[in-house]
Every structure is written in C-alpha cells, then in structure tokens.
Amino acid sequence: MKSSFSGFYKLSPQERLAAVVKETGISEEDAKKIAEPSLPVELADKMVENVIGTYTLPMGVALNFIINGKDVIIPMVTEEPSVIAAASNSAKMARMTGGFTTSFTGPIMIAQVQIVDVPAPEFAKSAILQHKEDIRKICNDKDPVLVKFGGGFHDLDVRIIETKAGTMVILHLLVNVGDAMGANAVNSMAEAVAPYVEQITGGKVYLRILSNLATYRLARASAVYKKESLSKTGDPVEGAQIVDKILEAYAFAAADPYRAATHNKGIMNGITAAVIATGNDTRAIESGAHSYAAIKGRYTSLTVWEKDANGDLVGTIEVPMAVGLVGGATKTHPGAQAAVKILGVKTAAELAQIYAAVGLAQNLAAIKALATEGIQRGHMKLHARTVAASVGAEGEVLEEIVKTMIRDKNVNAVYAKELMEKFS
Ligand code: MEV
C-alpha cells in the first residue's frame with residue numbers, strides 16, 4: 001500500500017476517496033460512511049443528552065507517512081485550513097530517510113484514589129503496599145473480561161502529598177487497559193477498592209478517578225530530516241541554514257512557556273485532528289499532553305529538535321497517548337469506524353504511535369514555516385482556494401482565480417466573483 005500520490009489535492013473529494021479506497025482496500029460500505037454525513041440522529045441521540053441534531057466537520061487525509069517502514073494514510077478531522085497539507089508536506093520530507101520510527105510504553109492507565117483524614121500517612125502507605133495482592137484481586141474481579149484479554153491490575157503506587165486541606169495519601173492503581181481507552185475500567189476499579197482501602201488505612205476515600213497525566217502510556221516518535229529535504233530546491237547549503245533556524249525556533253519554545261504553548265498547540269493541531277477522526281477523547285489527549293509538557297515543573301516543548309553528525313535535523317516527541325479501539329464513539333460512530341479501517345490498525349498501541357508521528361510532523365511543518373517564510377503565505381493560498389470555491393469556481397478557473405488574488409494581494413469573495421466572470 002502507498003500513502004503518496006501525485007496531484008492528490010487536484011482531485012475532487014469523490015476521486016480522492018476512491019483513491020483511498022483503492023489503496024487501503026476498505027469496503028464501499030465503509031467509504032459510504034465517510035462520503036455521506038455519517039452520524040444518524042437516532043445514533044447521536046444514544047451518544048449524548050438533549051440531542052437536537054448532528055454537526056459535521058471536514059475529514060481529510062494526511063499523506064506520505066511512513067511509520068516503522070509501513071505507509072499509512074491518516075484521516076484527520078479539523079476546521080483549520082493548512083493543518084492536513086502541512087502534515088502531509090512534512091511527512092514527505094521525512095520519507096527521504098524512511099519516515100518515522102515509533103515506540104510505546106504500553107497501555108497502562110493510572111486511577112487515583114484520594115485518601116484523607118489518615119491518622120498515620122506513612123503507616124497507611126505501608127499498609128497499602130503490603131496488601132497489594134488483595135487490591136489486585138478486587139480490581140481484577142471488577143473486570144474479568146479485561147483480564148481475559150491480557151489486561152487488568154498491573155501495579156500500584158502510593159504518594160503522600162501536602163495540600164491546603166492537609167496531608168493526603170494518594171493511591172495510584174496502574175491498570176493494563178489493553179485496547180480500550182480505559183476510563184470506565186479504571187474508574188470502576190478505583191471505586192471498587194475504596195472500602196477496602198479505607199479499612200486498611202483508617203482514612204476516608206473521596207475522589208476515585210483516572211489521571212489524564214498518563215505517564216505509563218507514552219507514545220514516542222522520531223524522524224531524521226535531511227538538510228537538503230528542507231530546502232525547496234534541495235540545496236544542502238540552504239538546507240543547513242534552515243536546520244539552524246529551526247533549532248533557534250525550538251530553543252525558543254524549550255525556554256519560554258508563552259512560546260511553548262503555541263508550539264504545542266501546533267503539535268495538537270495534528271494529533272487532535274487525527275484523534276477525533278477515530279472517535280477518541282480529544283480532551284483526554286490534550287490534557288495529557290499539556291500536563292506532560294509541564295511535568296518537570298516548568299511548561300516546555302513536547303518535541304526536541306537536534307542536529308546530528310551529518311548536520312541533518314533530528315526530531316523526537318514523547319507524549320501520553322490514552323487512545324483506544326474498543327468502546328465509546330470509536331465503536332459506534334460510523335465515520336470513526338471507517339477511519340480506523342483506513343489506518344489499518346489492529347491495536348490501540350499502533351494507533352497511539354501513529355498519533356505521536358503526526359504530532360512530530362505537524363510541529364516540524366509549523367516551526368519550519370515560522371523560521372523561514374512565516375505561516376501567512378501558505379495560509380493565504382489555502383484561504384484563497386476556499387474563497388474561490390465559495391463563488392463556485394472549479395478546476396483551471398479556480399487555479400487561475402487563486403493565482404490572481406494572491407498576486408494582487410486581494411483575497412476576498414467580491415474580487416473572486418469579478419475574476420470568475422472574467423475567466424469563465
Ligand atoms: C497555528 O494553528 C499553529 C502554529 O501557531 C503553531 C506554532 O506556532 O508552532 C503555527
């Protein structure tokens with residue numbers, strides 16, 4: 001299967017979908033779930049409350065991705081222009097060195113159990129640690145299906161924290177949630193262990209809920225961008241200058257939380273768009289990413305960019321990735337089901353690693369643009385296409401209108417209409 005097509009953007013949406021169907025081998029039935037508004041209101045009514053209708057957004061595909069030696073076509077859902085083009089562009093540059101290499105720590109989710117009014121916190125901590133096997137049993141009895149599929153209680157950790165309301169003992173249940181996002185599984189386990197934990201600590205349990213700071217569920221991706229791949233003309237000298245400019249841009253984000261917030265927002269432009277396409281919980285991913293970016297006590301960049309011995313640019317990302325393939329909207333939303341088929345993933349671990357690669361690619365595209373020509377030029381071109389399409393322009397006429405509006409630095413619907421009359 002290939003993920004690289006020439007002139008893909010020139011095709012109609014129907015032709016693009018046909019190309020994706022041909023390449024990925026997804027069924028016509030799945031393709032229909034994307035081509036037609038995919039969420040029936042009757043289904044929507046079962047998903048959330050007080051439903052009055054549905055709301056749709058564009059789905060596109062990021063192209064050119066090679067991840068661990070395999071081509072992947074990545075569905076993305078977003079309202080923001082440039083995101084999908086930027087990810088595809090960046091992935092194209094990374095192809096020269098074989099694309100992205102990824103890894104995953106495993107699907108271990110944390111559930112927190114807050115224990116307050118504990119008479120002797122250190123003693124309580126020991127008691128919890130000593131009763132680990134009892135806690136394991138209570139957790140696993142709560143979800144025998146998860147255990148059957150190789151998941152379940154993995155380990156526990158106990159922290160003592162000082163708060164405005166006094167000392168608290170915080171129990172972390174570490175649970176292997178397999179291919180699920182895992183919220184339901186771990187929350188149920190946290191609730192199930194509460195009475196026993198009160199009994200052995202002499203304290204009172206209040207909150208029992210997962211942590212989105214999923215530090216045992218990290219996805220990592222890395223890529224090498226040859227310096228010449230960063231230059232439009234393939235010039236290694238210009239490429240080397242771009243590498244240095246990108247390193248300056250990265251250093252800025254690494255040092256300054258104000259810049260890091262925007263730098264990471266750019267990363268999440270890609271990750272969130274890909275995550276929503278498969279019906280996963282975008283807020284969980286955003287929360288995990290931003291809290292992880294601050295884990296060392298100061299908010300910083302989620303990516304790291306360096307220069308290797310050849311002077312090429314090397315990038316890495318490490319980000320919590322609590323995504324699943326079973327349950328929730330991923331299973332029920334027709335568009336999400338089709339997106340999973342396009343990706344061709346069989347496990348949530350594969351999915352998590354694809355998302356990390358998307359984040360890294362998206363970041364490179366943004367900081368390269370910012371460090372060189374700025375992002376407005378690219379944005380303007382895409383904006384001009386939207387404006388031209390909004391007055392009914394198509395094909396060559398559309399291209400001509402876009403070119404003229406950009407040349408004249410006059411991108412608006414009135415001018416587009418005028419040009420439409422002139423060119424058609
Ligand atoms: C815009 O949505 C995202 C960027 O601002 C990201 C960045 O500044 O790195 C371009």
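Given the structure is predicted, the values throughout are model-derived calculations rather than measurements. (Residues numbered from 1 in each chain as written. Predicted model: local features only at pLDDT ≥ 70, side-chain atom pairs only at ≥ 80, totals over all residues. Heavy atoms only, no water.)

**Q** Even after reading the chapter, I still don't get the overall build of the protein chain, so can you show me in this structure?
**A** Helix and strand counts for the protein chain stand at 17 helices and ten strands. Taking the principal axes of its C-alpha atoms as reference, the protein chain extends roughly 80 × 55 × 40 Å. Counting all 424 residues of the protein chain, 47% fall into the buried class. Pairs at least 24 residues apart make up 70% of the contacts formed inside the protein chain by residues separated by at least 6 positions. (Helix = DSSP H or I, 4+ residues; strand = E, 2+ residues; numbered from the N terminus. Buried < 20%, exposed > 50% of the residue type's maximum accessible area, 1.4 Å probe, protein only. Contact = heavy atoms within 4.5 Å.)

**Q** What exactly am I supposed to notice about the packing of helix α4 (residues 83-95) against helix α14 (residues 348-371) here?
**A** Between two packed helices, both the angle of their axes relative to each other and the distance between the axes serve to describe the pair. Relative to each other, α4 and α14 sit at 100°, their axes nearing to 8 Å. By the criterion of interaxial angle, the relationship of α4 to α14 is roughly perpendicular. Contact residues: Val83, Ala86, Ala87, Ser90 and Met93 in α4; Ala361, Gln362, Leu364, Ala365 and Lys368 in α14. (Axes fitted to C-alpha atoms, helices over the stretch in contact; angles between N-to-C directions. Parallel < 35°, antiparallel > 145°, perpendicular 65-115°, else oblique.)

**Q** Is there a simple way to explain the site of the ligand in this structure?
**A** Taken together, Glu80, Arg259, Thr262, His263, Lys265, Gly266, Asn269, Ala366, Leu370 and Ile375 make up the full set of residues near the ligand. Take Arg259: an N or O atom from its side chain is 2.8 Å from an oxygen atom of the ligand. Contact distances for the ligand include 2.8 Å between an oxygen atom and a side-chain N or O atom of Lys265. Mapped onto the shell around the ligand, the elements with two or more residues apiece are α10 (257-277) and α14. A total of six residues in the shell around the ligand trace back to one element, the largest contributor, which is α10. The class makeup of the residues in the shell around the ligand is three nonpolar, four polar and three charged. (Near = heavy atom within 4 Å. Polar contact = N/O pair within 3.5 Å; in protein donor to acceptor, adjacent residues only side chain to side chain. Nonpolar A, V, L, I, M, F, W, Y, C, P; charged D, E, K, R; others polar.)

**Q** Before we go on, may I ask you to explain a nonpolar patch on the surface in this structure?
**A** Taken together, the side chains of Tyr206, Leu207 and Ile209 make up a nonpolar region of the molecular surface, amounting to roughly 300 Å² of accessible area. Examined against the element boundaries, Ile209 turns out to sit in strand β7 (residues 204-211). Its relative accessible area of 39% is what places Ile209 among the partly exposed residues. (Patch = residues over 30% accessible without salt bridge, like charges linked within 9 Å, V, L, I, M, F, W, Y side chains within 5 Å. Areas by Shrake-Rupley, 256 points an atom, 1.4 Å probe, with all protein chains shown as cover. Salt bridge = Lys/Arg side-chain N within 4 Å of Asp/Glu carboxyl O.)

**Q** Would you mind going over the sheet that holds strand β6 (residues 166-176) with me for this structure?
**A** Working definition: the strands of a sheet are paired by backbone hydrogen bonds and lie parallel or antiparallel to each other. The four strands are arranged β5-β6-β4-β7 in an open sheet whose pairing can be described as antiparallel. A strand with exactly one partner marks an edge of an open sheet, and here the two such strands are β5 (152-163) and β7. Each adjacent strand pair in this sheet contributes to an overall mean axis angle of 20°, direction not counted. Where β5 lies against β6, eleven bridges are found, and the strand directions are antiparallel. What sits directly across from Asp155, in β6, is Leu174. Contacts from helix α5 (residues 121-130) reach β4 (108-116), β5 and β6 within the one sheet, and its direction differs from that of β5 by about 180°. The sheet contacts of helix α6 (residues 132-142) involve β5 and β6, and relative to β5 the element is tilted by about 115°. (Pairing = 2+ DSSP bridges.)

**Q** Got a minute to help me understand the packing of aromatic side chains in this structure?
**A** For any pair of aromatic rings, geometry is given as the distance between the ring centres together with the angle between the planes. Per the counting criterion, the structure on display carries three aromatic pairs. When the centroid spacing of 5.1 Å and the interplanar angle of 35° are considered together, the rings of Phe5 and Phe8 count as tilted. Across the pair, exposure class does not vary: Phe5 and Phe8 are buried alike. A centroid spacing of 5.3 Å and a plane angle of 25° characterise the contact between Phe65 and Phe100, whose relative ring orientation is stacked. Highlighted residues: Phe65 in strand β1 (residues 59-67) and Phe100 in strand β3 (residues 100-104), separated in sequence by 35 residues. When its relative accessible area of 1% is taken as the criterion, Phe100 is described as buried. (Phe/Tyr/Trp six-rings, centres within 6.5 Å; stacked < 30°, edge-to-face > 60°.)

**Q** What is the right way to read unusual backbone geometry from this model?
**A** Negative phi is the rule for most residues except glycine; trans is the rule for most peptide bonds. Non-glycine residue Ser82 carries a positive phi angle of around 85°. Looking at the element boundaries, Ser82 is found in the loop between β2 (70-77) and α4. Although it is not a glycine, Lys409 sits at a positive phi angle of roughly 50°. Inspection of the secondary structure assignment puts Lys409 in the loop between α16 (395-407) and α17 (413-423). Looking at Lys409, the relative accessible area reads 76%, which means it is exposed.

**Q** Can you help me understand the pattern of salt bridges in this one?
**A** It is possible for side chains bearing opposite charge to pair when their charged atoms get close. Applying the stated criterion to the full structure yields 17 salt bridges. Two residues, Arg407 and Asp408, come together in a salt bridge whose shortest N-O distance is 2.8 Å. With relative accessibility at 60%, the residue Arg407 sits in the exposed group. Within this structure, Asp30, Lys33 and Lys341 form a network of salt bridges that share partners.

**Q** I tried to follow the side chain of Thr303 on my own but got confused; where do I start?
**A** Relative to the assigned elements, Thr303 resides in strand β9 (residues 303-307). At 2.9 Å, the side chain of Thr303 and the side chain of His263 are in polar contact. With near-sequence residues (within four places) excluded, Thr303 lies in contact with Tyr250, His263, Ile267, Thr316, Ile317, Leu360 and Asn363.

**Q** It is not clear to me how α5 should be interpreted in this structure. Could you clarify?
**A** Because each turn of an α-helix spans 3.6 residues, side chains separated by three or four positions in sequence point in the same direction. Buried within α5 we find Ala124, Ala127 and Ile128. End-on, the buried residues of α5 take up no more than an arc of 100°, which puts them together on one face. In α5, the exposed positions that point more than 90 degrees away from the buried face belong to Glu122, Phe123 and Gln130. On its buried face, α5 sits against β4, α6, β5, β6 and α8 (183-201). (Arc of directions from axis to C-beta.)

**Q** Any chance you could explain the environment of His131 here in plain terms?
**A** Its location among the elements puts His131 in the loop between α5 and α6. Between the C-alpha atom of His131 and that of Ile200, which follows or precedes it by 69 residues, the distance is 8.5 Å. His131 has contacts with Tyr196 and Ile200, leaving out every residue within four places of it along the chain.

Keep in mind that these numbers describe shape and distance, not what the molecule does.
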